[in-house]
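# Structural characterization, general
Okay, here's what each chain looks like letter by letter:
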Amino acid sequence: MPLYRDECVVLRTHKLGEADRIVTMLSRQHGKIRAVAKGVRRTASKFGSRLEPFMVVDAQFYEGRSLDIVTQAESLGSYGAQIVADYGAYTAASAMVETADRLSEADAGLQQYLLLVGALRSLARGEHVTSATLDSYLLRAMSIAGWAPSFRDCAVTGEPGPHSAFVVQLGGVVADHAAPPGTPRLDPDTLQLLGSLLAGDWRTVDASDERTRSRASGVVAAYAQWHLERSLRSLPHVDRTEHPSPVAPTPGGVPAAVAATPAPTLPEPPDPSGNATGNAPGNVTDHAPDQPSDHGGTPA
């Protein structure tokens, strides 16, 4: 049987029999591949851990009658461990691979593969806010598939913008005379953020506030699911709350921020004669540990 080799990102897996798995992958040159990985569920498997979701591998296959067979896999990008360690990154990555699975068939192009690998790498490294990384991926993936939204010029007439009426069914913002009755309006900040997400202007994206990102996320979710013609099962589970990064512990086991915080000044015990000495209780200063202020990253 003919052999072939390709770089792939693992989208999902299904159990097969007692020790095998069916692995669905998006490849660099062969589009979407569904192949059987024999014996990967055994503890002695040589490459079972490399064929998990969100992993990027250099795999060798041989063609079967209905499903190809994975004969070898070498890790190129081990993003799975970093992603699954953070719930927000995991839910965002799940929505990404589900979208890629819907958009990519046997004739999927190289751009979809490179876009997905870049998005997973960004999530694993915690380069930007998790929800913003997901929204940017969704907008770009839809654009590559032929559904590029318009956030400035009218999507119907081409009339130069800016326009505020947004119609998902028409492909973006539309002029007032072309907007159906009851069309929702978007504020300028949200429209600017949506355009930056599509263009990859991360300086503007990172400078946006959480409320604007929340409004933009709703628009992106509605736009993507409308053009996919079905809902994304992973999208409602995406954690869009922005948590600070965990505090790294010091060698002694105490968080660095806590170890660097001076101890509070406690009041001295009262004088037996009845006269208070030292600091009065009302003057006690309670120093709270410094908390990290980077809300956009995920644990590396």
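For the structure, check the block above.
Being a predicted model, the structure only gives us computed values, none of them experimental.

On to the nonpolar core. Within the largest apolar cluster, 52 residues are counted, with the highest numbers of intra-cluster contacts made by V9, I83, L116, L120 and Y137. Setting aside residues up to four positions removed in sequence, Y137 forms contacts with M96, T99, A100, Q112, L115, L116 and A119. By size, the runner-up hydrophobic cluster in this structure holds 16 residues, among which are Y4, V40, L51 and A59.

In total, this model carries 10 salt bridges according to the counting rule given. Notably, a salt bridge pairs D58 with R5, separated by 3.2 Å at the nearest N-O pair. Here R5 lies in strand 1 (residues 3-16) and D58 lies in strand 4 (residues 56-62), a separation of 53 residues in the sequence. Classification of D58 by relative accessible area gives buried; the value is 19%. Residue classification places R5 among the partly exposed positions, given a relative accessible area of 33%.

This part takes up the side chain of S131. Checked against the element boundaries, S131 lands in helix 4 (residues 130-144). Those residues in contact with S131 that lie beyond four places of it in its chain are S217 and R240.

With that settled, the discussion passes to the pairing of strand 1. The pairing of strand 1 with strand 4 spans seven bridges and is classified as antiparallel. Considered in strand 4, the bridge of Y4 is made with F61. Alignment of strand 1 against strand 2 (residues 20-27), held across eight bridges, turns out to be antiparallel. Looking at the pairing, L16 lines up with D20 of strand 2. Where strand 1 hands over to strand 2, the hairpin turn is made up of three residues, of which G17 adopts a positive phi near 65 degrees.

Attention now goes to the packing of aromatic side chains. The final tally for this structure, using the stated rule, is three aromatic pairs. With 6.0 Å between their ring centres and 80 degrees between their planes, F54 and Y90 make a pair best called edge-to-face. Placement of the pair is F54 in the loop between strand 3 (32-37) and strand 4 and Y90 in helix 2 (residues 87-103), with a sequence separation of 36 residues. Take F54: its relative accessible area is 3%, and that puts it in the buried class.

Our focus in this paragraph is helix 5 (residues 188-199). Over its 12 residues, helix 5 extends 16 Å from the first C-alpha to the last, a length consistent with the 16 Å expected when each residue adds 1.5 Å. Inspection of helix 5 places T190, L191, L193, L194, S196 and L197 among the buried residues, and these make up the whole buried set. As for helix 5, its buried residues are in contact with helix 4, strand 7 (172-174), helix 6 (202-207) and helix 7 (210-228). The opening residue of helix 5, the one whose side-chain oxygen lies 3.2 Å from the backbone nitrogen of D189, is D187. Two residues or fewer after helix 5 comes G200, characterised by a positive phi angle close to 80 degrees.

Rules and cut-offs
Numbering of residues begins from 1 in every chain and follows the order in which that chain's sequence is written. Per-residue local features are limited, in this predicted model, to residues with pLDDT of at least 70; the limit for side-chain atom pairs, both in listing and counting, is 80 or more; totals at the level of whole chains, interfaces and linings are taken over all residues. Heavy atoms from the whole structure form the basis of all side-chain values; hydrogens and water molecules are not counted. By nonpolar core we mean a set of buried residues, namely Ala, Val, Leu, Ile, Met, Phe, Trp, Tyr and Cys, connected to one another through side-chain atoms within 4.5 Å. Burial classes follow relative accessibility: with a 1.4 Å probe on protein chains only, a residue under 20% of its type's maximum area counts as buried, one over 50% as exposed, and anything between as partly exposed. We call two residues contacting when some pair of their heavy atoms lies within 4.5 Å. Within this document, salt bridges are pairs made up of a side-chain nitrogen of Lys or Arg and a carboxyl oxygen of Asp or Glu, the two lying within 4 Å of each other. Only DSSP runs of H or I with at least four residues qualify as helices, and only runs of E with at least two residues qualify as strands; both kinds are numbered from the N terminus onward. By this definition, two strands are paired if DSSP reports at least two bridges between them. Classification of ring pairs uses Phe, Tyr and Trp, with its six-membered ring standing for Trp, and accepts pairs whose centres are within 6.5 Å; under 30 degrees between planes counts as stacked, over 60 as edge-to-face, and the remaining range as tilted. Expected helix span is taken as 1.5 Å per residue step, with the number of steps being one fewer than the number of residues. Any pair of N or O atoms that falls within 3.5 Å is considered a polar contact. Within protein, one atom must be able to donate a hydrogen and the other to accept it, and sequence-neighbouring residues count only if both atoms are side-chain atoms.

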